[in-house]
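One-letter residues, chain by chain:
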Amino acid sequence: MQRKIIKVTALLCVAIFVYLIIRANPKELLRLLGRLSAFGIITLILLRLLFWGLRTWSWRTVLGCCSRCPVSFATLFWAEMAGHAVGHFTPSAKLGGDAIRAMMLGPVPKNQSLASVVVDKTIELIATILMMSLGLFITLARIRMGSTQRLVFLSLTAFTAALIAVFFRQQRKGLFVWILECLKKLHIRSRYLEAKRERLIETDVVIADFYANHRRRFLQVFLQYIAMTLLWAVEMHLSFYFIGMHTITPLKSFLITMLGIVANIVPVIPAGIGIYDMSYLPIFAIFSVPLRYGITVVLLRRLLNLLMAAIGLLPMLRLRARPPVKGEVAAVPISSPPAENN
């Protein structure tokens, strides 16, 4: 039944995507895409590669605090790209991609690699929600918006912020143990998770240690993710500019990007087909962006995403099994005992 629901939803979203392209006039979209010069294409690709390079740098900073195992930048970069590929092509979205990241660190103990991914993802989400909230605040202050639109944006922002706050709080106490306890209270038992309880507890120790003893690193990574969000807005602005919409202002591009982040919060359909595009329609209307330009930019960003995802498949195809590190639990670098789980 669950698979049928996913398939039906996917087909519906694909139909919506096709409808939006037809509505925007395919010939006009191709004409606008044809305005892209070689310089514009190369610039956008380089910006996207810079974005993934910064993400890798941030993750490397976190991993350096969670593990003593040396991992090259190239290894982390390819793990990031592989995670993006899984998230782009499967309904698991970000969750499946993050799991792949943790699995592709080779000799790094799994509890340490998992802890680094959880912390890195949490800091990314905190920075993203902050910037999204800033964009929403500026939009509400400068632009008239219908009551329904206000309610939707405010509700989604508040809900996401509350969810991240709970997630962050539980990490400092013991995230995985908390999850196991919640499942137990719901009378849901997972033999796999129960068998991995000790490993998950060790992972909680590494996570708690990062927040307790690496606050400067936390701030550093947080600021790097703020910079990445701004880079995302720069790419949006240049995408409009390169297809001929020279009247777009940097502020509008920034606000469109921040409000559009909500499209990436829905991890249901592979590549967010339909959902991503529909979520941008009211945003384009709010900022008076012609539909043909808006849909063209969405298509352009989709092509860039697809290119990065295709690149991310390469390390997965070349992945070779490596022997596990002996004494993984003992190798966990901790400097303080885990906090008690309430």
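Being a predicted model, the structure only gives us computed values, none of them experimental.

A.B. asks: Looking at this structure, how should I read the overall build of the protein?
C.D. replies: For the protein, the count of helices and strands is 14 helices and zero strands. Excluding contacts between residues fewer than 6 apart, the proportion of contacts in the protein whose partners are at least 24 apart in sequence is 80%. When the accessible surface of the protein is split by element, carbon and sulfur atoms take 68% of a total near 18000 Å².

A.B. asks: What is the right way to look at the side chain of Thr43 in this model?
C.D. replies: Checked against the element boundaries, Thr43 lands in helix H3 (residues 38–66). Beyond its immediate chain neighbours, meaning those up to four positions away, Thr43 contacts Leu238 and Phe242.

A.B. asks: Before we go on, may I ask you to explain helix H11 (residues 215–242) in this structure?
C.D. replies: What sets the pattern is the α-helix's 3.6 residues per turn: residues three or four places apart point alike. Given a rise of 1.5 Å per residue, 28 residues ought to cover 40 Å, and the 40 Å separating the end C-alpha atoms of H11 matches this to within 8%. Backbone geometry just after H11 places Gly244 at a positive phi near 105°.

A.B. asks: So what exactly am I meant to see when it comes to unusual backbone geometry here?
C.D. replies: Backbone geometry follows two general trends: most residues other than glycine have a negative phi, and most peptide bonds adopt the trans configuration. Of note, the phi angle at Ser288 is positive, near 55°, even though the residue is not glycine. Within the element layout of this structure, Ser288 appears in the loop between helix H13 (275–286) and helix H14 (291–317).

A.B. asks: Would you mind going over the packing of aromatic side chains with me for this structure?
C.D. replies: How two aromatic rings sit relative to each other is set out by the distance from centre to centre and by the angle between their planes. Summed over the entire model, instances satisfying the criterion amount to eight aromatic pairs. For the ring pair Phe51 and Trp232, a centre distance of 4.8 Å and an interplane angle of 40° mean the geometry is tilted. With Phe51 in helix H3 and Trp232 in helix H11, this pair connects stretches of sequence that are 181 residues apart. Assessed through its relative accessible area of 17%, Trp232 is described here as buried. Taking 6.3 Å as the distance between ring centres and 70° as the angle between the ring planes, the aromatic pair formed by Tyr241 and Phe242 counts as edge-to-face. A relative accessible area of 15% means that Phe242 is categorised as buried. Ring pairs connect the aromatic residues Phe39, Tyr241 and Phe242, which therefore count as one cluster. Sitting above the plane of the Trp59 ring, Arg101 keeps its charged end 4.6 Å from the centroid.

A.B. asks: Explain the nonpolar core here, please?
C.D. replies: Here is a general trend for soluble globular proteins: nonpolar side chains tend to be buried in one another's company. By size, the foremost hydrophobic cluster in this structure holds 64 residues, and its most contacted members are Ile123, Phe210, Phe240, Ile256, Phe287 and Val289. Tallying contributions element by element places H11 first for this core, with 11 residues. Discounting chain neighbours no more than four positions away, the residues touching Phe240 are Met245, Ile248, Ser253, Ile256, Phe284, Val289, Tyr293, Gly294 and Val297. Counting residues in hydrophobic clusters, the runner-up holds 13 residues, among them Leu63, Ala82, Ile100 and Met104.

A.B. asks: Whenever I open this one, the packing of helix H6 (residues 110–142) against helix H10 (residues 197–213) confuses me. Can you help?
C.D. replies: Two packed helices can be described by the angle between their axes and the distance between those axes. Running from N to C, H6 and H10 point in directions that differ by 45°, and their axes come no closer than 8 Å. As summarised for this structure, H6 and H10 are arranged oblique, according to the angle between their axes. Every pair of crossing elements has a handedness; the one defined by H6 and H10 is right-handed. Judged by residue contacts, Lys110, Asn111, Leu114, Ala115, Val118, Val119, Thr122 and Ile123 of H6 engage Arg199, Glu202, Thr203, Val206, Ile207, Phe210 and Tyr211 from H10. Residues of the contact of H6 with H10, tallied by class, amount to nine nonpolar, three polar and three charged.

Calculation criteria
- Once a new chain begins, its residue numbering starts again from 1 and follows that chain's sequence as written.
- Restriction of local features to residues with pLDDT of at least 70 applies here, the model being predicted, together with a cutoff of 80 or more for giving and counting side-chain atom pairs; totals for whole chains, interfaces and linings are based on all residues.
- The basis for every side-chain value is the complete set of heavy atoms in the structure, and neither hydrogens nor water enter the calculation.
- A helix here means a DSSP run of H or I that spans at least four residues, while a strand means a run of E at least two residues long, and both kinds are numbered starting from the N terminus.
- Contacts were defined at the residue level, with two residues in contact if any of their heavy atoms lie within 4.5 Å.
- Each accessible area is a Shrake-Rupley estimate made with a 1.4 Å probe; only the visible protein chains count as cover when residues are assessed.
- Each helix should span, by expectation, one fewer than its residue count multiplied by 1.5 Å.
- Planes of paired rings set the category: under 30 degrees apart is stacked, over 60 is edge-to-face and the rest tilted, where pairs are Phe, Tyr or Trp rings (Trp by its six-membered ring) whose centres lie within 6.5 Å.
- Buried residues are those whose accessible area, probed at 1.4 Å on protein chains only, stays under 20% of the maximum for their type, while exposed residues exceed 50% and partly exposed ones sit between those limits.
- We call a charge positioned over a ring when the NZ of a Lys or the CZ of an Arg lies within 6 Å of the ring centre and within 35 degrees of the ring normal.
- What makes a nonpolar core is a set of buried Ala, Val, Leu, Ile, Met, Phe, Trp, Tyr and Cys residues whose side-chain atoms join them at distances within 4.5 Å.
- Axis lines are fitted through C-alpha atoms, for helices just across the contact stretch, and the angle between N-to-C directions can take any value from 0 to 180 degrees.
- If an angle is under 35 degrees, it is roughly parallel; if it is over 145, roughly antiparallel; if it lies from 65 to 115, roughly perpendicular; otherwise it is oblique.
- In this scheme the crossing of two helices becomes right-handed for a clockwise turn of the near helix relative to the far one and left-handed for an anticlockwise turn of less than a right angle.
- Here the nonpolar group is Ala, Val, Leu, Ile, Met, Phe, Trp, Tyr, Cys and Pro; Asp, Glu, Lys and Arg are the charged ones; every other residue, Gly included, is treated as polar.

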